[in-house]
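In case you want the letters, here they are:
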Amino acid sequence: MARLAVRIARTAARPRAEGPATTAGGAPDGGAEDRGMPDGRAARAAGTDDQGAAGAAAGRRRQLRTHLGVRSRVTVLFGTGALLLSVAMGGISYFSARHFLVNEQESTSVHTAVANAQSVRSQLLADRLGGRGPQPQTVIDSLDAPAPGSVLYYGGRRYATSISASTVVPSALHSLVGAGQPATQNFVLGGQPYIAVGIPIPSLHAQYYESFSLADVNHILRVLLLVLLSAALVTTVLGIALGRLASGRSLRPLTSVSRAAMAIAGGRLATRLPEAEGDPDLAGLTTSFNRMVDQLEERIEREARFTSDVSHELRSPLTTLAASLDVLESHAAELEPAGQRALVLLAADLRRFERMVGDLLEISRSDAGSADVTLEEVSAAELVRRSVQAGVRTLPQDMPRPAVETDAIEGTHLSVDKRRFERAMANLLENAALYGGGATRVVGEPGPPGPDGRATIRVAVEDEGPGVAPSERARVFDRFYRGQAAGKRGAGTGTGLGLALVAQHVRLNGGRVWVEGGPEGRGTRFVVELPVADELPVADGLPGGDELPGGDRTERGPEDRTERGPEDRTERGPEDGTERGPEDGR
C-alpha cells in the first residue's frame, strides 16, 4: 500500500476524438464534395470567394471609419483596449485559479482515497490472519467516506457504503483499475460534478473506489467568473470614459483652430490663436497658424490696395477718353462709314471699361473695409416696387417689364441700405435681360426663420431663359466668373462682376442670395433673403460684434455662397457708366 501512496496515475479515461472515417481500403474518405472535382477549379473558386469576402470586409471597415469621427475612433480604441486587457487578465486569473483549485481538490481526494484503501487492506488482512472470516461490508461501513460513498470489489462481489455509491463507478475507470492501474476520472451525477478515485489492492485481488464532490470548487469558480466579468465590464466603461476625456482634451486645440479658420473664412482676418504657453507640442501649431494668417491678411490687403490704386489711376485717363469720345460722337456724321463703325465699337468698349473700373472701385472699397452702409427702416413692399421701377429704366425699350407681386409682404418693414438694395435689384434685372430674355416676375414673400431665429422675407427675380447649370450655381457669384460666356466676344457685355456686387450689397444688408431653378423647371430664379426690421436691431457692428477691417462697422449678414447657384448663366447686370445704379453683369 505504501507503493500506492507514492505512485498513483491520474489518468482521465475520457472518450477519444474519432479520426476521419476510412473507406474499405483504409484511406480516409475526404467527402463527396472532393470526389470528381476538376483539376484546381475548386481551389481557384475558393480563392476567388475568399478575396471577394476580404474586399467586402475591408470596404465595410473603411465605411465605418468614415462615419466615425476622430474622437469616436479614439474612444472606441480606448474601450476596445480596456476590454481586451481586462478579458486577457481575467482569463489568466480564472484559468490559473481553476487549475490550482481542481489540482488541489484532486490531490486531497487521492490522498484520502489512498488512506481509506490502506485501512480497508489492513482490516481485511487482519481478519484473514486472525482466523475470522472477512467482513468487507463492515470494513466499508466503518470508513469515514464522503458522499456519495465508497465501493469495494472483493471476492467477485461489490460492497458499497450506500445504495447510490454502487452506481457512481464509471465503467472506464473500472476497466483501468481492474487491469491493476490506479486512476482518477471526473464525471457528473445528478447535475453535480464529481471526481472518482480507483485504487487496486493486488494482495487481496480487490479494487477500492471513492467519489468526491466538486460542487464547492465549481461554486467558487462561478463566483470568481462573475467577479471577473463584472471587473471587465467596469474596466471597459472606465476605458471608454477615459478615451472620451483624453480625446476631448487632445482635440480641444483643433476645435479652436477650426473656429478660427471659420472666422477667417467669414472675413474676420484679425482672428488669431492664443499662444500655447508651456505646451511645446501646440506651440508650433499656433505659431505656424498665426504666421499663415498674418501672411494671408497682408496679401489680401496688398491686393485690395493694388486694385484700388489701379482703379483710381485709371479714372483720369478714362475721363479724358470719355470726353474725347463725346467730341467724336458729336461729329460722327462727318466721318466715313468705316470710321462711324469704329466709333460705335470704341464707344461700347470704353463704356464697358468705365463700368468695370467703377465696379472694381466698389469692390475694393468693400475689401478695404471702407464701404459705406446707411440703414433706413422702409416698407418692404414699397422698396421692392420702387427698386424694380428704377431698374427697368436702364433696360432696352423693347424689353418686357416684369410683373411685381408684393401683397404677401405688405406691412413688413426692413432696415436696409436702400441704395445698395436698388443696385442689387437693378443688376438682377439686367442679368435677366442679357441672359434670360428678361425678367418675367418679381415676387416678394415671407421667408422661413433665419439660422438665428429671426423672421425674414424673400424677393425672387424669375426669368424663362436657358437657366444656370447646377454645376455653376455655386460659382456664379464669384468675381469675374462668366461661365459658358467666358471667352466669347459678343456673348454678353458684362465683365463678370455684376453678381459678385449683388452678393456684396445683399451681404452688407444682413442677408444672403442664391440661385435656383425657375418655376416648373424652366428658367432661373434669383432669391434675395433679408431679415425684417423688427427682428434686426439697427446697431453699429456686425452680427455677433464683428468689425469690418479699416474701422467701418455695419450691419452684415451671412455670406453663404454654398446656397447659391443654379443655371448655366454668367453674371449679368446693367451697363451703365461709372455713375451707376445697376452694376455690370457678366
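Residues numbered from 1 in each chain as written. Predicted model: local features only at pLDDT ≥ 70, side-chain atom pairs only at ≥ 80, totals over all residues. Heavy atoms only, no water.

Visitor: Help me understand the nonpolar core, please; the structure alone is not making it clear to me.
Guide: A general trend in soluble globular proteins is that nonpolar side chains are found buried together. Membership of the largest hydrophobic core comes to 37 residues, with the highest contact counts inside it found for Val-442 and Phe-477. Among the secondary structure elements, those contributing two or more residues to this core are α9 (380–392), β8 (413–416), α10 (418–435), β9 (439–447), β10 (456–463), α11 (498–508), β11 (512–517) and β12 (524–531). Here this core takes seven residues from α10, the largest share from any one element. Core analysis: the second largest hydrophobic core is formed by 21 residues, Ala-113, Val-197, Ile-199 and Leu-204 among them. (Core = buried A, V, L, I, M, F, W, Y, C linked by side-chain atoms within 4.5 Å. Buried < 20%, exposed > 50% of the residue type's maximum accessible area, 1.4 Å probe, protein only. Helix = DSSP H or I, 4+ residues; strand = E, 2+ residues; numbered from the N terminus.)

Visitor: Looking at this model, I keep getting lost on the pattern of salt bridges. Mind explaining?
Guide: Here the idea is simple: oppositely charged side chains can pair when their charged atoms come close. In the structure shown here, the tally under the stated rule is 15 salt bridges. Residue Arg-272 pairs with Asp-294 through a salt bridge whose shortest N-O separation is 2.6 Å. Of this pair, Arg-272 sits in the loop between α6 (215–265) and α7 (280–330) while Asp-294 is found in helix α7, placing the two residues 22 residues apart along the sequence. Judged by relative accessible area, which is 38%, Asp-294 ranks as partly exposed. Among the ionic pairs, Glu-410 bridges to Arg-385, the shortest N-O distance being 2.9 Å. One end of the pair, Glu-410, is in the loop between β7 (403–405) and β8; the other, Arg-385, is in helix α9, with 25 residues separating them in the sequence. Taking the relative accessible area as the measure of exposure, Glu-410 reaches 43% and is therefore partly exposed. Since its relative accessible area comes to 27%, Arg-385 is described here as partly exposed. Overlapping salt bridges, with partners in common, bring together Glu-405, Arg-441, Glu-445, Glu-462, Glu-516 and Arg-525 in one network. (Salt bridge = Lys/Arg side-chain N within 4 Å of Asp/Glu carboxyl O.)

Visitor: What am I meant to see in the packing of α9 against α10 here?
Guide: Think of two packed helices as two axes; the pair is described by the angle between the axes and how far apart they sit. Contact geometry of α9 with α10 gives a least axis separation of 8 Å together with a crossing angle of 55°. Accordingly, the angle class assigned to the pair α9 and α10 is oblique. The two elements α9 and α10 meet at a crossing, and its hand is right-handed. Counting all contacts with α9, which are made through Leu-383, Val-384, Ser-387, Val-388, Gly-391 and Val-392, the residues of α10 involved are Lys-418, Phe-421, Glu-422, Met-425, Ala-426 and Leu-429. Looking at the contact of α9 with α10, its residues break down into eight nonpolar, two polar and two charged. (Axes fitted to C-alpha atoms, helices over the stretch in contact; angles between N-to-C directions. Parallel < 35°, antiparallel > 145°, perpendicular 65-115°, else oblique. Left-handed = near helix turned anticlockwise from the far one by under 90°. Contact = heavy atoms within 4.5 Å. Nonpolar A, V, L, I, M, F, W, Y, C, P; charged D, E, K, R; others polar.)

Visitor: Is there a simple way to think about unusual backbone geometry in this case?
Guide: Only a minority of non-glycine residues have a phi that is not negative, and only a minority of peptide bonds are not trans. Backbone geometry places His-205, a non-glycine residue, at a positive phi of 55°. Examined against the element boundaries, His-205 turns out to sit in the loop between β4 (192–201) and β5 (206–213).

Visitor: Would you mind going over the packing of aromatic side chains with me for this structure?
Guide: Think of a pair of aromatic rings as described by two things: how far the centres are apart, and how the planes are tilted against each other in angle. Scanning all chains against the criterion turns up four aromatic pairs. The interplanar angle of 85° and the centroid separation of 5.6 Å between the aromatic rings of Tyr-153 and Tyr-209 together place this pair among those described as edge-to-face. Of this pair, Tyr-153 sits in strand β1 (residues 149–154) while Tyr-209 sits in strand β5, and the two are 56 residues apart along the sequence. The pair Tyr-153 / Tyr-209 is uniform in exposure class, with both members buried. Between the aromatic rings of Phe-477 and Phe-526, the centroid separation amounts to 6.1 Å while the plane-to-plane angle is 75°, which identifies the pairing as edge-to-face. Pair noted here: Phe-477 is in the loop between β10 and α11 and Phe-526 is in strand β12, with a separation of 49 residues, a long-range link. (Phe/Tyr/Trp six-rings, centres within 6.5 Å; stacked < 30°, edge-to-face > 60°.)

Visitor: Is there a simple way to explain the pairing of β10 in this structure?
Guide: The side chains of a regular strand alternate between the sheet's two faces. Most of β10 is tucked away, with seven of its eight residues classed as buried. Both β9 and β10 contribute to a ladder of eight bridges, which runs antiparallel. Across the sheet, Gly-444 pairs through a bridge with Val-459, a residue of β10. Where β10 lies against β12, eight bridges are found, and the strand directions are antiparallel. Paired with Thr-456 across the strands is Pro-531, a residue of β12. (Pairing = 2+ DSSP bridges.)

Visitor: Is there a simple way to think about the sheet that holds strand β3 (residues 183–189) in this case?
Guide: Backbone-to-backbone hydrogen bonds join strands into a sheet, with any given pair of strands oriented parallel or antiparallel. As summarised here, the arrangement of the five strands in space is β2-β1-β5-β4-β3, forming an open sheet in which the pairing is antiparallel. Two strands close off the open sheet at either side, each with one partner strand: β2 (157–160) and β3. For this sheet the average axis-to-axis angle between neighbouring strands, irrespective of direction, equals 20°. Here eight bridges tie β4 to β5, and the two strands are oriented antiparallel to one another. When the sheet's bridge partners are listed, Ala-196 is paired in β5 with Ser-211. Contacting β1, β3, β4 and β5, helix α3 (residues 70–129) crosses the sheet at an angle of about 145° to β5.

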